[in-house]
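What follows is each chain in one-letter form.
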Amino acid sequence: MAQLSPVLTQATPVLAARGEGVHLYDEDGRRYLDFTAGIGVTSTGHCHPRVVRAAQEQVATLIHGQYTTVMHRPLLRLTERLGEVLPEGLDALFYLNSGSEAVEAAIRLARHATGRQNIVVFHGSFHGRTMGAASLTTAGTKFRAGIGPLMPGAAVAPFPQAYRYGWSEEEATRFALRELDYLLATVSPAQDTAAFVVEPVLGEGGYIPAPPGFLEGLRERADRHGGLLIVDEVQTGFGRTGRFWGHEHADVRPDVLITAKGLASGFPLSAIAAPAELMGRAWPGSQGGTYGGNAVACAAALATLDVIQDEGLVANADAMGLRLRDGLRKVASAHPVIGDVRGRGLMLGSEFGTGGEPDTAAAQRAQREAAQRGLLLLTCGAYGNVVRMIPPLVVDAAQIDEAVQIWSEAVAAAVE
Ligand code: PMP
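Just so it is clear, the model here is predicted, and its values are computed rather than measured. (Residues numbered from 1 in each chain as written. Predicted model: local features only at pLDDT ≥ 70, side-chain atom pairs only at ≥ 80, totals over all residues. Heavy atoms only, no water.)

> Would you mind showing me how to read the overall build of the chain here?
Regarding its fold elements, the chain presents 13 helices and 17 strands. Taken against the 2.2 N^0.38 rule, which gives 22 Å for 416 residues, the C-alpha radius of gyration of the chain at 21 Å falls within 12% of a compact globule. Its C-alpha atoms put the chain at 60 × 55 × 50 Å along the principal axes. Counting over 416 residues, the chain shows a buried share of 58%. For the chain, the proportion of contacts with a sequence separation of at least 24, taken over those separated by at least 6, is 72%. By element, 52% of the accessible surface of the chain is carried by carbon and sulfur atoms, the whole surface being about 17,600 Å². Counting 35 positive and 44 negative side-chain charges, the chain places the centres of these two groups 2 Å from one another. (Helix = DSSP H or I, 4+ residues; strand = E, 2+ residues; numbered from the N terminus. Rg over C-alpha atoms; globule rule 2.2 N^0.38 Å. Buried < 20%, exposed > 50% of the residue type's maximum accessible area, 1.4 Å probe, protein only. Contact = heavy atoms within 4.5 Å. Areas by Shrake-Rupley, 256 points an atom, 1.4 Å probe, with all protein chains shown as cover. Lys, Arg positive; Asp, Glu negative; His and termini not counted. Charge placed at Lys NZ, Arg CZ, Asp CG, Glu CD.)

And the structure:
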C-alpha cells in the first residue's frame, strides 16, 4: 500500500474536510479558526460562493485551454482586470502556476532583458523551492542544505532586520544599504548585476516589513546601476498588507512584480508583470508551461478581484490588521518571552525570544497549544521562532477577538 512520503512535514494534525470563510472543519465536524489561510492563499476565505460559482461555471465550459496552443477568454479578461490594479507601466503579464515558477520566470526575464547574470537577494529571503528560486532563498538552511550546487550568480545583501540587530529601523536601513553598496563594489559588480529581488515584507524569513527608505534605496541603486527592481509580492500581494500591493507602503515603482497565492483564492495561478518593452526583450517562446494560465484558475482570479473590490477587503485587511496587532501586543506585554510583534495588515508575527536569543521551543509550544484550542497558526523565521497570523482577508472583528483570546491562553499554557 502506498503512503505519503516521509519528507512531508505538517504543521497541525488536522484532516480538513471542508472550509467556509475563515473556518476549516475536520471530519468530525470540529471547527477551526484558520489563521494560516493555506499559507496566505485563501484571501477571500474558504470557498467564497462567488469564487465557487465562477469556477463551477468555467469547469463546465472549458477547463484547459492551453495558452501556447489556443487563447481563451478568462486569460484575456484577467489580463485586462489586473491591468487596473497593477502599478502604472507594468502592462504586460505572463502566467504560471506557482510562486516558485513565477520567480524562475522573473530570473529568466532579468537575465534576458539586461544581458547580466547576477541576482541580488536580501538575507532572510524566501523565493521558492525550484532550483533557481531556492538559489535565491536564504530564509533557512533547510531550503538549501544538501541540494547544491545551486544556481550561480546569486548574491546576498543584508535585509534591515532591526529587531535582530537591536537597532532602530533607520539604523538597520542605513546599514543594509551601505552593505549593498559594498557588495556591489566587492562581489557583484554593477555591470554584472541584473536585478535586486526583494519581498516588501520578509515572509518566511520572519515577517519583517521593509522599513521606510529601504525599497526607495533599492530603487535608487537600480536606476543608478541599470539593474531591475523586482518585487516578490507572492505573499504580500492582493491586499494582504492593507494596501493592494505590499510595495505600496513605500514610494517606489518596481520594474517587475511577481504575484501568486492570493491571486486565485486557492487555485494554482501565478504571474509576472513588467512593462511590455522590458518583456519584449526576452526571446519569444523563452517562457512557457503546460498548465500556466489555466482557465478555471483565471475564472477564480477574476471572481477574487470582484470580491476584493466589492467587499472592500483591502480596507478590511488594514482595519482588522490594526485590531489584531493591538491584541498581539497586549499578549506580548503580558509575556516577556515574546520580544517583538510586527508586520503589516493581516501579515503579523510574534517573535519568541529576547536579546537576540530565539526561543523556538516556546514558539512551537504556543503554536501547538493554539491548534488544540481551535486556532490554526504557522511559524516562520530562520529559527522557527516567529508565530505568524495570516487569516483570510474576510475576517471580522469578532473573529479577530476570538483568535486573540485563544492566542492569549495558548501562550500562557506554552510558558507555564
Ligand atoms: N515567494 C514568496 C515571497 C513566498 O512566500 C513563496 C511561498 N511561501 C514563494 C515565493 C514560493 O511560492 P510557491 O510555494 O507557490 O512556489
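> So what exactly am I meant to see when it comes to the pairing of strand 14 (residues 347-352) here?
Consecutive residues of a regular strand have side chains that alternate between opposite faces of the sheet. For strand 14, the tally of buried residues reaches six of six residues, placing the bulk of the element in the interior. Bridging between strand 13 (residues 338-344) and strand 14 involves six bridges; their strand directions are antiparallel. Bridge pairing links Arg 342 to Gly 349 in strand 14. As judged from the four bridges shared by strand 14 and strand 17 (residues 386-389), these two strands associate in the antiparallel manner. Paired with Leu 348 across the two strands is Met 389, which belongs to strand 17. (Pairing = 2+ DSSP bridges.)

> Teacher, can you tell me more about the packing of helix 2 (residues 49-59) against helix 10 (residues 295-310) here?
Angle between the axes and distance between the axes are the two parameters that describe a pair of packed helices. Remark: helix 2 packs on helix 10, axes separated minimally by 8 Å, with the N-to-C direction vectors making an angle of 155°. One element, helix 2, and the other, helix 10, form an angle in the roughly antiparallel class. As for how helix 2 packs across helix 10, the hand of that crossing is right-handed. Across from Arg 50, Val 51, Ala 54, Ala 55, Gln 58 and Val 59 in helix 2, the residues of helix 10 making contact are Ala 295, Val 296, Ala 299, Ala 300, Ala 303, Thr 304, Asp 306, Val 307 and Asp 310. Its residues assigned to classes, the contact of helix 2 with helix 10 shows ten nonpolar, two polar and three charged. (Axes fitted to C-alpha atoms, helices over the stretch in contact; angles between N-to-C directions. Parallel < 35°, antiparallel > 145°, perpendicular 65-115°, else oblique. Left-handed = near helix turned anticlockwise from the far one by under 90°. Nonpolar A, V, L, I, M, F, W, Y, C, P; charged D, E, K, R; others polar.)

> Got a minute to help me understand the sheet that holds strand 1 (residues 16-20) in this structure?
Whether parallel or antiparallel, the strands of a sheet pair through hydrogen bonds between backbone atoms. Ordered in space as 1-2-3-15, the four strands form an open sheet in which the pairing is mixed. Looking at which strands have only one partner, the edges of the open sheet turn out to be strand 1 and strand 15 (375-376). Inspection of the sheet shows strand 2 (residues 23-26) paired to strand 3 (residues 31-34) by three bridges, in the antiparallel sense. Note on strand 3: the bridge partner recorded for Leu 24 is Tyr 32. Helix-sheet contacts for helix 13 (residues 397-415) involve strand 2, strand 3 and strand 15, and the interaxial angle to strand 3 is about 100°.

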